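Each chain, letter by letter, is given below.
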Amino acid sequence: MNRIFLFIIFLISSATAIAQITPGLRSSAGDDLSYLNPKEYIIGGTEVSGIQFLDKSILVQIAKLTPGERITVPGDATSNAIKSLWSQGLFDDVQLNIAEIKGDSIWFEIKVVERPRLTRINLIGVRKGERDALNEKLNDKTSKVVNENLLKSTSDIIKRYFHEKGYLNAKVAISQQKDTSQANNVVLNVDVNKGDKVKVASISFEGNKDFSDKQLRKYLKKTKPWLIFHRKFLREKYEEDKRTLVAKMHDKGYRDAEIISDSVYAIGDDKVGVNIKVYEGPQYYFGNITWAGNAKYSTEVLDQILGIKKGEVFSEEKLNRKLNGSPNGNDVSSLYLNDGYLTFNVDPVQTRVYGDSVDLELRIYEGPQYTINKVTLKGNDITNDKVVLREIRTKPGQKFSKEAVVRTTREIAQLGNFDEQKTDVRPIPNPADGTVDIEYSVAEKPSDQIELSGGFGGGRIVGTLGLTFNNFSARNLFNFKEWKPLPKGDGQKLSIRGQTNGKQYQSYSFSFSEPWLGGKKPIYFGISAFTSLQSNQFFDNIPDEDIQRIRLNGLTFTLGQRLKWPDDWFSINHSINLQEYKLKNYPGFLFSTGNSYNFNLTQEISRNSIDAPIYPTSGSHLRLTIQATPPYSLFNNINYNTATDLDRYKYTEYHKWKFEAQWYQRIYGKLVLKTQAQFGFLGQYNKAVGQSPFERFKLGGDGMQGFDYLQGSEVIAMRGYANNAVIPVGSNAQIAQASGSPIFNKYILELRHPVTLGDQAQVFILAFAEGGNTWNRFKDFTPFNIRRSAGVGARVFLPIFGLLGIDYGYGFDPIPGLPDQGRQGFTFSIQQQMGGGF
């Protein structure tokens, strides 16, 4: 009996409690509404009060209290209305009241208190760069309702940002501050404590038998402890390294290898340890390899291209590379794609796994052979279509060729007018007629350059102004509508440069080049001229007989042509050069007053297959140059044993040989190795005349031309040593530096890695080792008896200034007779962008 009584009391209490969920629900007669005695009504209307930013009608829809609907009061509909509004996370308080009841109609009032909205986020405890980066990630939260979700997501975004940078213990504290300038708005003050960067202290492995711990650690390129400095731990890089680890194990034939589990545990406040448990499984080998679906090429040909033999360690990476992804284009896919089979596909199927062997069937879909229908170009807003289209090697009517597409992309990059990172090629197949349209998309980049500098030389300020227009248009020279500021778009190059410190020193030069003379064939034409003056005439009042002056005038014509043999990477250039030396009372030269002439012919043959002009990652550049004057001494009847220097060198004679080779090889990722070798030899026709004092080599320093050109000297850079400091052993230092040497060689090893390769700037860092030397006589020439140096440097390519360089080198071998043994730490360089030519 007592139990029945208690149960009745419990029901009455529960009903009363439920009724209190919707306070204020009363009948028109004033009787309390009860869940024990609900009534049915028709909703007459619903009002919303207390809102500032939200839409009333949307809130009524969310509450599902639509006029005309039948509703039981109190009931599930009224309690669900309140729950639905609460679930939006927009309110600090929600009440549902009955405004009025007439007959069988009922009117509701929804009364809410909106949560504040976000005005801004103040980040405290971070640097400006970090603040700017975080504000970019958080700017979409402004004006949103400040609720638990917003606070949590804000904290998560900030922590994730710092976790990616190695601050795994970053802490975030958020407080709200009322914004007095706007009603119901708040400012979030976010106090960030980054803590220390977390570094990797140790890495251990479990389950490995065939792979040593040391070997597995090598696969974790971006997550490894160093002996002296610990590398910071980055979660994203760690996850990438785990995938690499498994891929490397697969590549060694352990195709079942996987990571069973891993853990990252704290070692103190700023270090972590990593433990990885692996399953190696057995090592597998290639079994029988068969082909299916090949009609164009025989199995023997495909086997030769594949180059994988039965019994080799099974490697999916090698298999995929030989089928589809060889960087040299010697894979099966390239064989077909270079012959028009645009839709070619090969699917390697593992047909049988037995013991430690895997049998493969390579199923080929050759598809139709596609012919190029049309070639289109877009994005060249400045450069004329013909300048780009003449470099394109995919012509309508030809079979589609992947090799031709890759070569075209390289040729477009070599123009120097477009951002090579944004050059895109899109083949558009037309299966109905077996043709393909090819669309090349380019993005113009600034190519004109300016050189504006001031320096101190010869005891006076020297100013330099140089302008280079790499996309000039000579045909529009008199069409002033095309001047922006000069006419552009035809791929020609115009360069003007002036350097002076007043009357003592002046130098002016001009050059123009057209890479497609006549517009139909790749015949290069260039013309350049210069005049330079150096004297002691600081002021106008120096008597004429006391003036000491040397003037050098020069004119060069060049014709070049691309070759098709031995292959189409070769080109040949022919140049005619005329230089005139005019001296008056000039001391320290071969003669003090008179004229000397240097008339020579230059033949240059080169092969250039580098893939990019600024940051090459593959290819080579070989160049052999032969420069020679007529052998005047054979027919001018001068007795050189008794001739004066003025007669001896009035028409200078020599033959000059130069060879240069550069190779670029991608080592890992974007890390590139550059190797380079150079050699130069200045020869003579007649021993009685002797070696020419002109056209000698000066080795050492930044390689930038100073007053050395007044003797026609060729300056070759060598970091770690001062300008012209690498002189022959046993030479008089002062004389050898001033005159140069007839023989030199130099070698370079350089590791390069990019910092950024954007269209506005390209930046890369480098480490180098180089060696070189000079000799006076060929019989003394020993190519590996060199002065050595090593160091680091950086290059910055800015389209308007060209390639700027800074290096720090240390010369290991002192140069006797020179201050500080000829060494020089820092060197600076500037190189204008190469354009035109081959």
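Because the structure is a prediction, the values reported are computed rather than measured.

Participant: Tell me what's going on with the overall build of the chain, and back it up with residues and numbers.
Facilitator: Check the secondary structure of the chain and you find 14 helices and 34 strands. Over its C-alpha trace the chain gives a radius of gyration of 40 Å, far above what one expects of a compact globule, namely 28 Å for 838 residues. With the C-alpha coordinates aligned to their principal axes, the bounding extent of the chain is approximately 150 × 80 × 65 Å. Counting all 838 residues of the chain, 43% fall into the buried class. Sequence-distant contacts, at least 24 apart, represent 60% of the contacts inside the chain between residues at least 6 apart.

Participant: So, the pattern of salt bridges: which residues are in play, and what are the values?
Facilitator: This structure, assessed with the given rule, holds 39 salt bridges. With its nearest N and O atoms 3.4 Å apart, the salt bridge here joins Arg70 to Glu40. Remark: Glu40 occurs in strand S1 (residues 39–49) and Arg70 occurs in strand S2 (residues 70–73); sequence separation between them is 30 residues. The exposure class assigned to Glu40 is exposed, which follows from its relative accessible area of 51%. As a salt-bridge pair, Glu361 and Arg363 come within 2.5 Å of each other at their nearest N and O atoms. Several salt bridges converge on common partners, so that one network encompasses Arg719, Glu750, Arg752, Glu770, Arg795 and Asp807.

Participant: Describe the nonpolar core, naming the residues involved and giving the relevant values.
Facilitator: With 24 residues, the main nonpolar core has Leu65, Ile71, Ile106, Phe108 and Ile110 as its most contacted residues. Mapped onto this core, the elements with two or more residues apiece are S1, helix H2 (56–63), S2, helix H3 (76–87), strand S3 (91–102) and strand S4 (105–114). A per-element tally of this core places S3 first, with five residues. Setting aside chain neighbours within four positions, we find Ile71 in contact with Lys39, Glu40, Tyr41, Ile43, Leu65, Ala77, Thr78, Ile106 and Phe108. Listed in part, the 20 residues of the second largest apolar core include Leu319, Tyr341, Val358 and Leu362.

Participant: Please give an account of the pairing of strand S25 (residues 619–628) that cites residues and values.
Facilitator: Note on strand geometry: in a regular strand, side chains alternate between the two faces of the sheet. Both strand S24 (residues 594–608) and S25 contribute to a ladder of eight bridges, which runs antiparallel. Residue pairing across strands places Thr602 opposite Gln627, the latter belonging to S25. Where S25 meets strand S26 (residues 655–668), 10 bridges bridge the pair, whose relative direction is antiparallel. Counterpart to Leu624 in the pairing with S26 is Phe659.

Participant: Account for a nonpolar patch on the surface, with residues named and values stated.
Facilitator: Where nonpolar side chains cluster on the molecular surface, the patch consists of Leu555, Phe557, Ile576, Leu578, Phe599 and Leu601 and spans about 490 Å² of accessible area. For the nonpolar patch, the secondary structure elements donating two or more residues are strand S22 (549–562), strand S23 (570–584) and S24. Summarising the element assignment, Ile576 is placed in strand S23.

Participant: So what's going on with the confidence of the model for the chain? Which residues, and what values?
Facilitator: Mean pLDDT over the chain stands at 86; residues scoring 70 or higher make up 92%. Contacts from residues 1–31, a stretch scored under 50 in pLDDT, to residues over four places away or in other chains number 25 contacts. Residue range residues 833–837 is modelled with pLDDT below 50. Its contacts to residues more than four positions away, or to other chains, number 14 contacts.

Participant: A description of a positive patch on the surface should follow, citing residues and the corresponding values.
Facilitator: On the surface, Lys137, Arg160, Lys165 and Lys232 cluster together to form a positively charged patch. Structurally, Lys232 can be placed in the loop between helix H6 (213–219) and helix H7 (235–251).

Participant: Account for the packing of H2 against H3, naming residues and giving values.
Facilitator: Interhelical geometry of H2 versus H3 gives an angle of 125 degrees and a closest axis separation of 8 Å. Classified by the angle their axes make, H2 and H3 are oblique. Along its contact with H2, which presents Leu59, Ile62 and Ala63, the element H3 presents Ala81, Ser84 and Leu85.

Participant: Can you explain the sheet that holds strand S14 (residues 371–378)? Please cite residues and give values.
Facilitator: What the three strands build is an open sheet, ordered S14-S16-S15; its pairing is mixed. Across the chains shown, the open sheet's two edge strands, defined by having one partner strand only, are S14 and strand S15 (424–430). Direction aside, the axes of adjacent strands within the sheet are offset by 20 degrees on average. Here S15 pairs with strand S16 (residues 435–441) via seven bridges, running antiparallel. Following the sheet pairing, Arg426 is matched in S16 by Glu439.

Participant: Go over helix H5 (residues 148–164) with me, naming the residues and quoting the values.
Facilitator: In a regular helix each residue adds 1.5 Å, so 17 residues correspond to 24 Å; H5 covers 24 Å between its end C-alpha atoms and thus fits that length. Of all the residues in H5, the buried ones are Leu150, Ser153, Thr154, Ser155, Ile157, Ile158, Tyr161 and Phe162. In this structure, the buried residues of H5 make contact with strand S5 (117–124), helix H4 (128–138), strand S6 (171–178) and strand S7 (185–193). Measuring from the backbone nitrogen of Asn149 back to the side-chain oxygen at the start of H5 gives 3.2 Å, which picks out Asn147 as the cap. Looking one or two residues past H5, Gly166 carries a phi angle of roughly 100 degrees, positive in sign.

Participant: Any details on the sheet that holds strand S11 (residues 285–292)? Residues and values, ideally.
Facilitator: If you trace the three strands from one edge of the open sheet to the other, you get S11-S13-S12, paired in mixed fashion. Of all strands in the sheet, those with a lone pairing partner are S11 and strand S12 (345–354), marking the two edges. Going across the sheet, the axis of each strand differs from the next one's by a mean of 25 degrees, ignoring polarity. As paired elements, S12 and strand S13 (residues 357–365) share nine bridges and run antiparallel to each other. Within S13, the position partnered with Asp347 by the bridge is Arg363.

Participant: Could you give an account of the environment of Ile308, naming the residues involved and the relevant values?
Facilitator: Checked against the element boundaries, Ile308 lands in the loop between helix H8 (299–306) and helix H9 (316–325). Each C-alpha atom, one on Ile308 and one on Val126, is 55 Å from the other, the two residues being 182 residues apart in sequence. If we ignore the near neighbours within four places in the chain, the residues touching Ile308 are Phe286, Ile289, Lys318 and Leu319.

Participant: Describe the side chain of Ser609, naming the residues involved and giving the relevant values.
Facilitator: Turning to its location among the elements, Ser609 is positioned in the loop between S24 and S25. With near-sequence residues (within four places) excluded, Ser609 lies in contact with Arg410, Trp569, Ser618, Gly619 and Ser620.

Participant: Tell me about the packing of H4 against H5, residues and numbers included.
Facilitator: Two numbers describe a pair of packed helices, the interaxial angle and the distance between the axes. Viewed as axis vectors pointing N to C, H4 and H5 meet at an angle of 135 degrees, and their least axial separation amounts to 11 Å. Overall, the two elements H4 and H5 adopt an arrangement that is oblique. The interaxial crossing formed by H4 with H5 has right-handed handedness. Listed contacts from H5 to Glu130, Ala133, Leu134, Lys137 and Leu138 of H4 are Thr154, Ile157, Ile158, Tyr161 and Phe162.

What counts, and at which threshold
- Residues numbered from 1 in each chain as written.
- Predicted model: local features only at pLDDT ≥ 70, side-chain atom pairs only at ≥ 80, totals over all residues.
- Heavy atoms only, no water.
- Helix = DSSP H or I, 4+ residues; strand = E, 2+ residues; numbered from the N terminus.
- Rg over C-alpha atoms; globule rule 2.2 N^0.38 Å.
- Buried < 20%, exposed > 50% of the residue type's maximum accessible area, 1.4 Å probe, protein only.
- Contact = heavy atoms within 4.5 Å.
- Salt bridge = Lys/Arg side-chain N within 4 Å of Asp/Glu carboxyl O.
- Core = buried A, V, L, I, M, F, W, Y, C linked by side-chain atoms within 4.5 Å.
- Pairing = 2+ DSSP bridges.
- Patch = residues over 30% accessible without salt bridge, like charges linked within 9 Å, V, L, I, M, F, W, Y side chains within 5 Å.
- Areas by Shrake-Rupley, 256 points an atom, 1.4 Å probe, with all protein chains shown as cover.
- pLDDT = per-residue confidence, 0-100.
- Lys, Arg positive; Asp, Glu negative; His and termini not counted.
- Charge placed at Lys NZ, Arg CZ, Asp CG, Glu CD.
- Axes fitted to C-alpha atoms, helices over the stretch in contact; angles between N-to-C directions.
- Parallel < 35°, antiparallel > 145°, perpendicular 65-115°, else oblique.
- Expected span 1.5 Å × (residues − 1).
- Polar contact = N/O pair within 3.5 Å; in protein donor to acceptor, adjacent residues only side chain to side chain.
- Left-handed = near helix turned anticlockwise from the far one by under 90°.

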